Amino acid sequence: MKALSLRSLLRGSSGSVGRQTLVSLVLLGFGALAFIVPAKAQDYKRVPINVPGAGGDFLGGTSVWDVNNLGEIAGWYGINNGTIGSYVRYQNGRIVTYKAPAQGTAANSGTWAFSLNDKGETTGVSFEQPNGFYHSFIRKADGSFITFTPPGPCATVVDTGCFGWGAQAINN
């Protein structure tokens, strides 16, 4: 019986049977990796999130928006006075709530956290009613804020299509 070498398989000297054998071996190798390398998501578990003060008629309840590599969670929640606040839930279950400095106090104003990195920094958008202006923020892990208004129509014009305008992601 003639032994198959990689060179003969790649050259095709064994014909289409050799190429099929090579493809089969490659697929078998990748299939074996699926059993050897566990997916990171298998390390996570479902946890209930009950942000204190969440509820109300306007977006009542709690919304998860991002999970970092440590399993910490960022999101936002409706408040009984008709505004929106954001939160971070840490691995130990501690929940920290916050509102960005540029957030208005009128009903429908809010702070929406969109992303969370492994340092505990969040980014998002705050909305100021009754003027309707959007501001972006970076909230540092120590609770301090950097706020800015990205250029464009959502900085100066009330537009319902502007939700999510601004800072939506942050690197580790």
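Keep in mind the model is a prediction, meaning the values are calculated, not measured.

Caption draft 1: How the structure looks around the overall build of the protein. Within the protein, the secondary structure is distributed over two helices and eight strands. Across the 172 residues in the protein, those meeting the buried criterion constitute 35%. Put simply, of all contacts in the protein between residues at least 6 apart along the chain, 42% involve residues at least 24 apart. Surface exposure of the protein reaches about 10300 Å², of which carbon and sulfur atoms provide 58%.

Caption draft 2: Spatial organisation of the environment of Ile95. Within the secondary structure layout, Ile95 lies in strand E4 (residues 95-98). When sequence neighbours within four positions are dropped, the list of residues in contact with Ile95 reads Ile49, Asn50, Val51, Pro52, Tyr87, Val88 and Arg89.

Caption draft 3: Structural view of the nonpolar core. Ala74, Val88, Tyr90, Val96, Tyr98, Ala100, Ala113, Leu116 and Phe137 form the largest nonpolar core, which has nine residues in total. Those elements that provide at least two residues to this core are E4 and strand E5 (110-116). The next biggest cluster of nonpolar side chains, apart from the first, holds seven residues, and it includes Trp76, Trp112, Phe114 and Val125.

Caption draft 4: Structural detail: the side chain of Thr111. Mapped onto the elements of the fold, Thr111 is located in strand E5. Judged by its relative accessible area of 0%, Thr111 falls in the buried class. A polar contact of 2.9 Å, which involves the side chain of Thr111, links it to the backbone nitrogen of Ala100. A distance of 2.4 Å separates polar atoms of two side chains, one belonging to Thr111 and the other to Gln103.

Caption draft 5: Focus on the pattern of salt bridges. Taken as a whole and judged by the stated rule, the model has one salt bridge. Glu121 is paired through a salt bridge with Lys140; the nearest N and O atoms lie 3.5 Å apart. Residue Glu121 is found in the loop between E5 and strand E6 (122-128), and its partner Lys140 is found in the loop between strand E7 (133-139) and strand E8 (145-148); the two are separated by 19 residues along the sequence.

Caption draft 6: How the structure looks around the pairing of strand E2 (residues 73-78). In terms of residue burial, E2 counts as a mostly covered element, since six of its six residues are buried. Covered by surrounding structure in E2 are Ile73, Gly75 and Tyr77 together with Ala74, Trp76 and Gly78, the residues of both alternating faces. Pairing geometry for strand E1 (residues 62-67) and E2, over five bridges, is antiparallel. The residue of E2 that forms the bridge with Thr62 is Tyr77. Hairpin connection of E1 to E2: five residues between the antiparallel strands, including Gly71 at a positive phi of 85°. Direction of pairing for E2 relative to strand E3 (residues 84-89): antiparallel, over a ladder of six bridges. Pairing of Ala74 across the sheet is with Val88, part of E3. Connecting E2 to the next strand, E3, in antiparallel fashion are five residues, including Gly82 with a positive phi near 90°.

Caption draft 7: Seen up close, the environment of Asn172. Along the polypeptide, Asn172 turns up in the segment after E8. Residue Asn172 is classed as exposed on the basis of its relative accessible area, which comes to 52%. At 2.6 Å, the side chain of Asn172 and the backbone nitrogen of Asp118 are in polar contact.

Rules behind the numbers
- Residues numbered from 1 in each chain as written.
- Predicted model: local features only at pLDDT ≥ 70, side-chain atom pairs only at ≥ 80, totals over all residues.
- Heavy atoms only, no water.
- Helix = DSSP H or I, 4+ residues; strand = E, 2+ residues; numbered from the N terminus.
- Buried < 20%, exposed > 50% of the residue type's maximum accessible area, 1.4 Å probe, protein only.
- Contact = heavy atoms within 4.5 Å.
- Areas by Shrake-Rupley, 256 points an atom, 1.4 Å probe, with all protein chains shown as cover.
- Core = buried A, V, L, I, M, F, W, Y, C linked by side-chain atoms within 4.5 Å.
- Polar contact = N/O pair within 3.5 Å; in protein donor to acceptor, adjacent residues only side chain to side chain.
- Salt bridge = Lys/Arg side-chain N within 4 Å of Asp/Glu carboxyl O.
- Pairing = 2+ DSSP bridges.

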